[in-house]
Amino acid sequence: MGSDNFSDEFKRNAVAQITERGYPVAEVSQRLGVSQHSLYAWNSQSRPVRTRVRRIVLWVISKCPATPQLCFLRSCERSLE
């Protein structure tokens, strides 16, 4: 199955099931009818974006006073590691 058959949104959602919701790659692969290789490739392709977002979040954290929003950003930053 070629990865060109799937929309970017589909790929993001598939990767999110693994990276954010903690489902095993094999389970997501079987449920969505996508090869495990494709899921690993899509995850690798999304890493540079997460790295840039993490850098921005860290910069904002360093500039903000302690607030509830800052606590939220810190939790977001941990999820981007």
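Up top is the structure.
(A) Up close: the overall build of the protein chain. If you tally the helices and strands in the protein chain, you get four helices and zero strands. The secondary structure elements of the protein chain, listed N-terminal to C-terminal, are α-α-α-α. Contacts in the protein chain between residues far apart in sequence, at least 24 positions, make up 38% of those at least 6 positions apart. Carbon together with sulfur atoms contributes 54% to the accessible area of the protein chain, which is approximately 5900 Å² in total.

(B) The side chain of S29, seen in detail. Here S29 shows up in helix 2 (residues 25-32). Leave out the neighbours within four places in its chain, and S29 touches V34, S35, Q36 and L39.

Calculation notes
- Residue numbers restart at each chain and count upward from 1, following the sequence in its written direction.
- Note on the predicted model: pLDDT of at least 70 is required for a residue's local features to be given, and 80 or more for side-chain atom pairs to be given and counted; whole-chain, interface and lining totals, by contrast, use all residues.
- Derived side-chain values reflect all non-hydrogen atoms in the structure, with water molecules and hydrogen atoms excluded from consideration.
- The secondary structure listing takes helices from DSSP runs of H or I that are at least 4 residues long and strands from runs of E that are at least 2 residues long, numbered from the N terminus.
- We call two residues in contact when some of their heavy atoms are within 4.5 Å.
- Note that accessible areas follow from Shrake-Rupley with a 1.4 Å probe, and for residues the cover is restricted to the protein chains shown.

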